[in-house]
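Analysis of the macromolecular model
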Amino acid sequence: MNFHHIPWEAILFGLIKLLKVFGIIPGALAAFGGRKLYQKWRQNKAMAGWPATDGTIQSGEVHKQGLRYWVELTYTYYLGEYRSGKHVHHFRREEDADEFLRQVKDKHVQVHYNASKPDNSVILDRELEMIALLAPQFR
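1. What to know about the environment of His63
- Relative to the assigned elements, His63 resides in strand β1 (residues 52-65).
- Excluding residues within four positions of it along the chain, His63 makes contact with Arg68, Tyr69, Trp70 and Glu72.
- Reaching out from His63, the side chain makes a polar contact with the side chain of Glu72 at a distance of 3.4 Å.

Given below as structure tokens:
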């Protein structure tokens, strides 16, 4: 099955159906896992041959749901015009999420994009983790 033609709204509708069938807590866990799997699938597509360009992480926000935390990053890149994208990175502790955000904000990063749809882009988790590892520690 070719998943890249499934509209995001259809995926969201399916996740809402999971919430109805399985209940709020299991449904929320399924939705969380579904989003993570979708992001991982997009990253694998990027590694399979999408071209890359330089981008900059513009901002980020730490979110909490239950016992989990995640950072939602906004990044920009230039391909004939400025474009933007979002990336989600998950954490078990709020302190780790805050520190990660501090380390990657305003940093340059490789943005992989779909050559036929340049607004379709992704940042690889491993590249962000490398930036965070190389960031100087000011404690």
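Don't stop here, the text continues.
2. Considerations on the pattern of salt bridges
- The full count for this structure, using the stated rule, is 4 salt bridges.
- Arg93 serves as the salt-bridge partner of Asp96, at 3.1 Å between the closest nitrogen and oxygen.
- Take Asp96: its relative accessible area is 32%, and that puts it in the partly exposed class.
- On the basis of relative accessibility, which here comes to 44%, the residue Arg93 falls in the partly exposed class.
- With a shortest N-O distance of 3.4 Å, Lys105 and Asp106 are connected by a salt bridge.
- Owing to a relative accessible area of 36%, Lys105 belongs among the partly exposed residues under this scheme.

3. A word on a nonpolar patch on the surface
- Taken together, Met130, Leu133 and Leu134 make up a surface patch of nonpolar side chains, about 370 Å² in accessible area.
- Mapped onto the elements of the fold, Met130 is located in helix α4 (residues 125-134).
- For Met130, a relative accessible area of 46% puts it in the partly exposed group.

4. Regarding the nonpolar core
- In terms of nonpolar packing, the biggest core is built from 17 residues, with Val71, Leu73, Phe100, Val104, Val109 and Leu128 touching the most fellow members.
- At 5 residues, the largest contribution of residues to this core is made by strand β2 (residues 68-78).
- Setting aside residues no more than four positions away along its own chain, Leu73 makes contact with Ile57, Ser59, Gly60, Gly85, Lys86, His87, Phe100, Leu101, Val104 and Leu128.

5. A look at unusual backbone geometry
- Residue Asp106 is not a glycine yet carries a positive backbone phi of 70 degrees.
- Take Asp106: it is sitting in the loop between α3 (94-104) and β4 (108-114).
- You can call Asp106 partly exposed: its relative accessible area is 49%.

6. With respect to the packing of α3 against α4
- Interhelical geometry of α3 versus α4 gives an angle of 85 degrees and a closest axis separation of 9 Å. It follows from the interaxial angle that α3 and α4 lie roughly perpendicular. Between α3 and α4, the contacting residues are Phe100, Gln103 and Val104 on the first element and Leu128, Ile131 and Ala132 on the second.
- Each residue belonging to the contact of α3 with α4 can be placed in one class, and the counts come to 5 nonpolar, 1 polar and no charged.

7. Observations concerning the sheet that holds strand β5 (residues 117-122)
- With antiparallel pairing, 5 strands are arranged side by side in an open sheet as β3-β2-β1-β4-β5. With one partner strand each, in any of the chains shown, β3 (82-91) and β5 form the two edges of the open sheet. Each neighbouring strand pair of the sheet contributes to a mean axis angle of 45 degrees, computed without reference to strand direction.
- Where β1 meets β4, 5 bridges bridge the pair, whose relative direction is antiparallel. What sits directly across from Gly55, in β4, is Val109.

Conventions used here
- Per-chain numbering applies: the sequence of each chain, read as written, is numbered from 1 onward.
- Under the rules for a predicted model, residues below a pLDDT of 70 receive no local features and side-chain atom pairs below 80 are neither given nor counted, while totals for whole chains, interfaces and linings still include all residues.
- Based on all heavy atoms of the structure, the side-chain values leave hydrogens and waters out of the count.
- The helix and strand labels rest on DSSP assignments: H or I over at least four residues marks a helix, E over at least two residues marks a strand, and numbering proceeds from the N terminus.
- Note on contacts: a residue pair is in contact if any heavy atoms of the two residues lie within 4.5 Å.
- Polar contact is defined as a pair of N or O atoms within 3.5 Å, subject to the rule that within protein one atom must be able to donate a hydrogen and the other to accept it, and that residues adjacent in sequence are counted only when both atoms are side-chain atoms.
- Counted as salt bridges are all cases of a side-chain nitrogen of Lys or Arg within 4 Å of a carboxyl oxygen of Asp or Glu.
- Exposure is judged per residue with a 1.4 Å probe applied to protein chains only, and the accessible area is read against the type maximum: over 50% gives exposed, under 20% gives buried, and values in between give partly exposed.
- Patch criteria: residues need more than 30% relative accessible area and no salt bridge. Like-charged residues are merged within 9 Å; nonpolar side chains of Val, Leu, Ile, Met, Phe, Trp and Tyr are merged within 5 Å.
- Here the accessible surface of atoms and residues is derived via Shrake-Rupley with a 1.4 Å probe, and residues count as covered only by protein chains that are part of the display.
- Nonpolar cores are built from buried Ala, Val, Leu, Ile, Met, Phe, Trp, Tyr and Cys residues. Side-chain atoms within 4.5 Å join them into one set.
- Convention adopted: a line fitted to C-alpha atoms gives each axis, helices being fitted over their contacting stretch, and angles between N-to-C directions are expressed from 0 to 180 degrees.
- Angles below 35 degrees are treated as roughly parallel, those above 145 as roughly antiparallel, those between 65 and 115 as roughly perpendicular, and all remaining angles as oblique.
- Under the grouping applied here, Gly and all other residues not named as nonpolar or charged are polar, the nonpolar ones being Ala, Val, Leu, Ile, Met, Phe, Trp, Tyr, Cys and Pro and the charged ones Asp, Glu, Lys and Arg.
- Paired strands, in this sense, are two strands between which DSSP finds at least two bridges.

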